[in-house]
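Report on the structure
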Amino acid sequence: LSGPPAIVIEGYVLNIIFSEAALMELFLRLSDVCRSVICCRIAPLQKALVVRLVKEGRKKVTLAIGDGANDVSMIQEAHVGVGIRGLEGLQAAKASDFSIAQFRFLKRLVLVHGRWNLDRIALLVLYSFYKNITYNLPQFYYGFYNMFSGQLVYDSWITMLYNIIFTFLPIMFLAVWDQDLPAEVLEKHPFLYREKQHGQAFDARTIVYWMINSIFHSVVIFWGTLLLWGQGTVFTNGQTAGLWEFGTLAASVSIVLVNLRVALSTHRWNVWNHIMTWGSIALFYLTMLVYNYMPFLSTSYWLVFVGIARSGTFWWATAALVAVGIVPVAIHLAIQRNMWPTQANLAQELYLTPRRRGRNARAKV
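Every chain's residues receive numbers from 1 upward, in the order its sequence appears when written. Only residues with pLDDT of at least 70 get local features here, since the model is predicted, and only at 80 or more are side-chain atom pairs given and counted; chain-wide, interface and lining totals rely on the full set of residues. Hydrogens and water are ignored here; the side-chain numbers use all heavy atoms of the structure.

1. Focus: the overall build of the protein
- In terms of helices and strands, the protein carries 16 helices and five strands.
- When we talk radius of gyration, it's over C-alpha atoms, and the globule rule is simply 2.2 Å times the number of residues to the 0.38. For 365 residues, the compact-globule formula gives about 21 Å, and the C-alpha radius of gyration of the protein, at 28 Å, lies well above that figure.
- In terms of overall dimensions, the protein has a C-alpha envelope of 90 × 60 × 40 Å along the principal axes.
- Only protein chains enter the accessibility calculation, which uses a 1.4 Å probe; a residue whose area is less than 20% of its type maximum is buried, one above 50% is exposed, and one in between is partly exposed. For the protein, buried positions account for 42% of its 365 residues. Labels follow the DSSP assignment, with helices taken as runs of H or I lasting at least four residues and strands as runs of E lasting at least two, numbered in each case from the N terminus.

Spelled out as structure tokens, the structure:
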């Protein structure tokens, strides 16, 4: 016979194996070289013990699937439990993390939805750290200029609304709906899932890259603003830039920059992505305009935004600093995609580029 071997093992043999640690290690080593390990005529507890043996002995992420009450302990022991709703009742489905109607749906659950959600959750976590480091590091830099007195560089209302309004919608929409490849492509090519199994979406290299990205952007925000406005820029109303003008420019650059950064990580664009991204940026300026006329909220910010918004200096400074921050990132992503493409990048070029060309051709006709 050719090909990898398989093991068929019964319950009474498993009892002997689980009685000694040396036998359990030998069983694991034998299982490593087998394509399949079939355990038959075993008790529910033995099912759970087999899952635990692989989980703890090989430090692997395990998935268990079952359709009856005797599978509940195995489903609960695994990292991911999948229950099948069938003739044997709903006990397995109720005890599982995910419930499906038929066994064949497992392929789509893992290869499609599992891969999509791995990418989405990883990006959500990375981006959450990125945008908060980008926004808060300038406050740390400012401490060296105010002798660490605790004086804020941003207005308190900007800080309060930063995470809940100004930068919330684009990443939430991406974390729910983004798809780098269609479902039929992922089902057709299982190797695209294997690429993610190695932790590429959330490994140390990716985390360090996002941290460097956030530090770079924080430097652009603070010292770029200091370079442009640190010498007391004069506005059209005759006033010079003070603390709140400085903080407003820094906040403006930060909010535009982090929203554009999540746009660079978006794979699937539609009208809602544009509304969330550009709407969040526009909402910041609209909020500042309204807040500018509310002295009962902050007397120190009265007419500050109107004074700087009437000056072209504010707008070109924002555009210049955003360009300095976002253009190098876009260039790096383009070089990486063309010089060191992942399997997913190659699949996108193979399947998605012809589709876009076809849509454009039909639109021209």
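From this point, the discussion proceeds with the structure in view.
2. Some details on a nonpolar patch on the surface
- Nonpolar side chains (Val, Leu, Ile, Met, Phe, Trp, Tyr) within 5 Å and like charges within 9 Å form the patches, drawn only from residues with over 30% relative accessible area and no salt bridge. Note on areas: these come from Shrake-Rupley sampling with a 1.4 Å probe, and a residue is covered only by the protein chains present in the view. By definition, a salt bridge exists where a carboxyl oxygen of Asp or Glu is found within 4 Å of a side-chain nitrogen of Lys or Arg. There is a patch of nonpolar side chains on the surface, built from F140, F144, Y145, F148, I215, V219 and W223 and spanning about 720 Å² of accessible area.
- When residues of the nonpolar patch are assigned to their parent elements, the largest contribution, three residues, is made by helix α11 (residues 204–229).
- By secondary structure assignment, the location of F140 is in helix α6 (residues 105–143).
- Under the relative-accessibility criterion, F140 is labelled partly exposed at 43%.

3. What to know about the side chain of Q46
- Along the chain, the position of Q46 falls in helix α3 (residues 44–57).
- Contacts described as polar in this section are N or O atom pairs within 3.5 Å, which, within protein, must combine one atom able to donate a hydrogen with one able to accept it, while residues neighboring in sequence count only if both atoms come from side chains. Within the structure, Q46 has its side chain in polar contact with the side chain of N15 (distance 2.8 Å).

4. Thoughts on the pattern of salt bridges
- Using the criterion set out here, one finds eleven salt bridges in the structure.
- Residues K47 and D71 are paired through a salt bridge, measuring 2.7 Å at the closest nitrogen-oxygen approach. With K47 in helix α3 and D71 in the loop between β3 (63–66) and α4 (72–77), this pair connects stretches of sequence that are 24 residues apart. In this structure, K47 and D71 share a single accessibility class: buried.
- The network of salt bridges with shared partners includes R115, D119, D180 and K196.

5. A word on the environment of H79
- Mapped onto the elements of the fold, H79 is located in the loop between α4 and β4 (80–84).
- Once the C-alpha coordinates of H79 and D97 are considered, the two residues, 18 residues apart in sequence, prove to be 9.1 Å apart.
- Here, residues are in contact when the closest pair of their heavy atoms is within 4.5 Å. Residues in contact with H79, not counting those within four places in the same chain, are K55, K60, V61, T62 and D97.

6. What about the packing of aromatic side chains?
- The rule is short: rings of Phe, Tyr and Trp, with Trp giving its six-membered ring, pair when the centres are within 6.5 Å, and they are stacked under 30 degrees, edge-to-face over 60, tilted in between. The tally for this structure, following the rule as stated, stands at 24 aromatic pairs.
- Ring plane angle 10 degrees and centroid distance 4.1 Å describe the contact between Y135 and Y154, whose orientation is recorded as stacked. Taken together, the residues Y135 in helix α6 and Y154 in the loop between α6 and α7 (156–166) connect sequence positions 19 residues apart.
- In this structure Y135 comes out as buried when scored by relative accessible area, which is 1%.
- Counting every residue linked through ring pairs, the aromatic cluster contains F140, Y141, F144, Y145, F148, F222, W223 and F246.
- Whether a charge sits over a ring comes down to the Lys NZ or Arg CZ being within 6 Å of the ring centre and within 35 degrees of the ring normal. Over the ring of W210 we find R261; its NZ or CZ atom is 4.3 Å from the centre of that ring.

7. Quick look at the sheet that holds β4
- Here three strands make up an open sheet; going across it, the order is β3-β4-β5 and the pairing parallel. Edge positions in the open sheet fall to β3 and β5 (98–100), since each of these has one partner strand only. Geometrically, the sheet is characterised by an average inter-axis angle of 20 degrees between neighbouring strands, direction not taken into account.
- Any two strands are treated as partners once DSSP identifies two or more bridges connecting them. Of the strand pairs in this sheet, β4 and β5 are connected by three bridges, and their pairing is parallel. Directly across from G83, in β5, lies its bridge partner S99.
- With respect to the sheet, α6 is in contact with β3, β4 and β5, its orientation differing from that of β5 by roughly 145 degrees. Every axis in this analysis is a line fitted to C-alpha atoms, fitted for helices over the stretch in contact. Angles between the N-to-C directions lie between 0 and 180 degrees.

8. With respect to the pairing of strand β1 (residues 6–10)
- Burial along β1 is one-sided: I7 and I9 are buried, while A6, V8 and E10, pointing the other way, are not.
- In this structure, β1 lies alongside strand β2 (residues 36–40), joined through five bridges in parallel fashion. Note on β2: the bridge partner recorded for V8 is I38.

9. Side note on the state of the cysteines
- Any pair of cysteine sulfurs within 2.5 Å is marked as a disulfide. Taken as a whole and judged by the stated rule, the model has zero disulfides.
- The thiol of C34 is unpaired, and the distance to the nearest cysteine sulfur, on C39, comes to 11 Å.

10. Quick word on unusual backbone geometry
- Even without being a glycine, K59 presents a positive backbone phi close to 55 degrees.
- Among the secondary structure elements, K59 is positioned in the loop between α3 and β3.
- Residue classification places K59 among the exposed residues on the basis of a relative accessible area of 68%.

11. Quick notes on the packing of α11 against helix α12 (residues 243–264)
- At their nearest, the axes of α11 and α12 sit 10 Å apart, and the two run at 150 degrees to each other. The element α11 and its partner α12 pack so that their crossing is right-handed. Contacts from Y209, W210, N213, H217, I221, F222, T225, L226 and W229 in α11 reach E245, F246, L249, A250, V253, S254, L257 and R261 in α12.
- Here the residues of the contact of α11 with α12 are counted per class, giving eleven nonpolar, four polar and two charged. Left-handed describes a crossing whose near helix is turned anticlockwise from the far helix by less than a right angle; the clockwise case is right-handed. By the convention adopted, Pro, Cys, Tyr, Trp, Phe, Met, Ile, Leu, Val and Ala count as nonpolar, Lys, Arg, Asp and Glu as charged, and the other residues, Gly among them, as polar.

12. A look at helix α2 (residues 21–32)
- In a helix, the anticipated span is given by 1.5 Å times the number of residues less one. For α2, built from twelve residues, the straight-helix expectation of 16 Å at 1.5 Å per residue is met to within 8% by its first-to-last C-alpha distance of 17 Å.
- What α2 keeps buried is the set F27, L28 and S31. Along the axis of α2, the buried positions cluster into a sector of 100 degrees, meaning they face one direction only. What points out from α2, more than 90 degrees from its buried face, is the exposed set A22, L26 and R29.
- Of the surrounding elements, those touching the buried residues of α2 are β1, α1 (11–17), β2 and α3. Here the arc refers to the set of directions running from the helix axis out to each C-beta atom.

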